[in-house]
Amino acid sequence: LVLSEKIALVLVGPEDPLVKGIVDYFKADKSLKKIKIIGPDSNGAKLEGSKDFSKAFMQKYGIPTAFSETFTRDSLNEGLSYLEKNNGPYVLKADGLAAGKGVIITEDLAEAKTELTAMLTDGKFGSTGDKVLVEQFLNGIELSVFVLTDGKNYLILPEAKDYKRIGEGDKCLNTGGMGAVSPVS
């Protein structure tokens, strides 16, 4: 389609094709190589595609982040014990892409245990929840900052605050995005 429609620039928005390697595909294909494409290659997209990978990356490079542990179906009992050793609110994050809906935040330990079990054994979020991070709750404003780079030069775009949770007071489930505001006050 890009060739038949003579498209000169592709700006990839969704995370899924980036994680699956669309940029790598364009760079490797002789006929698509000349098309400008904006987005990270699959290696860079891992930062968005796997929360477990992102945590390891941040820890390796000393980037401040909430404390967390990652659990799988095989380590579910350890995950349940980990929840018991911590105080709420409890944050459970599906490791992979879940369209902004793979996060559960609850104050209730019993609910956290039920949700962790549902994520790891019942496939609540499908294969994206084969690994689940149990993360320290951080209170404050969530902020997104995007940077464009060619590997040498960079441009920082304006920050944005994404409003994800249904209802007043951020008390309900994530929706994947109710809207965003930029600049952030």
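A short tour of the structure in this document, coming up.

Check the secondary structure of the protein and you find 6 helices and 10 strands. Summarising its shape, the C-alpha atoms of the protein cover approximately 55 × 40 × 30 Å along the three principal directions. Buried residues in the protein amount to 28% of all 185 residues. Total accessible area computed for the protein in this model is approximately 12300 Å², and 55% of it derives from carbon and sulfur atoms. Across the protein, the mean location of the 23 positive side-chain charges is 8 Å away from that of the 26 negative side-chain charges.

Quick look at the pattern of salt bridges now. Tallied over the full model, the rule gives 6 salt bridges. Put simply, Lys124 and Glu115 hold a salt bridge, and the shortest N to O gap is 2.5 Å. Looking at Lys124, the relative accessible area reads 40%, which means it is partly exposed. What makes Glu115 buried here is its relative accessible area of 14%. What you see here is one network of salt bridges that share partners, running through Lys55, Lys93 and Glu135.

Take the packing of aromatic side chains next. All chains considered together, the criterion is met by 2 aromatic pairs. Geometrically, the ring pair formed by Phe57 and Tyr61 is tilted, given 4.9 Å between the ring centres and 50 degrees between the ring planes. Since its relative accessible area comes to 32%, Phe57 is described here as partly exposed. An angle of 50 degrees between the planes, with centres 5.5 Å apart, marks the rings of Phe71 and Tyr82 as tilted. Taken together, the residues Phe71 in strand β3 (residues 68-72) and Tyr82 in helix α5 (residues 76-84) connect sequence positions 11 residues apart.

With that out of the way, let us pick up the nonpolar core. In terms of nonpolar packing, the biggest core is built from 15 residues, with Leu83, Leu92, Leu116, Met119, Leu120, Val132 and Val134 touching the most fellow members. Among the elements of the structure, α5, β4 (90-94), α6 (109-121) and β6 (131-135) are those that each provide at least two residues to this core. Apart from residues no more than four positions distant in its own chain, Val134 is found in contact with Phe67, Ser68, Glu69, Phe71, Tyr82, Leu83, Val91, Leu92 and Leu116. Counting residues in hydrophobic clusters, the runner-up holds 10 residues, among them Val2, Val12, Leu18 and Ile37.

Across a sheet, paired strands are connected by hydrogen bonds in the backbone, their directions being either parallel or antiparallel. The sheet built from 4 strands is open, its strands ordered β3-β6-β4-β5 with antiparallel pairing. A strand with exactly one partner marks an edge of an open sheet, and here the two such strands are β3 and β5 (103-106). Neighbour-to-neighbour, the strand axes of this sheet turn through a mean angle of 20 degrees, independent of strand direction. Across 4 bridges, the pairing between β4 and β6 is antiparallel. Looking at β6, one finds that Leu92 is bridged to Val134. Docked against the sheet, α5 engages β3, β4 and β6, running at close to 150 degrees with respect to β3. Seen against the sheet, α6 touches β3, β4, β5 and β6 and runs at an angle of roughly 10 degrees to β4.

About the criteria used
- Residues numbered from 1 in each chain as written.
- Predicted model: local features only at pLDDT ≥ 70, side-chain atom pairs only at ≥ 80, totals over all residues.
- Heavy atoms only, no water.
- Helix = DSSP H or I, 4+ residues; strand = E, 2+ residues; numbered from the N terminus.
- Buried < 20%, exposed > 50% of the residue type's maximum accessible area, 1.4 Å probe, protein only.
- Areas by Shrake-Rupley, 256 points an atom, 1.4 Å probe, with all protein chains shown as cover.
- Lys, Arg positive; Asp, Glu negative; His and termini not counted.
- Charge placed at Lys NZ, Arg CZ, Asp CG, Glu CD.
- Salt bridge = Lys/Arg side-chain N within 4 Å of Asp/Glu carboxyl O.
- Phe/Tyr/Trp six-rings, centres within 6.5 Å; stacked < 30°, edge-to-face > 60°.
- Core = buried A, V, L, I, M, F, W, Y, C linked by side-chain atoms within 4.5 Å.
- Contact = heavy atoms within 4.5 Å.
- Pairing = 2+ DSSP bridges.
- Axes fitted to C-alpha atoms, helices over the stretch in contact; angles between N-to-C directions.

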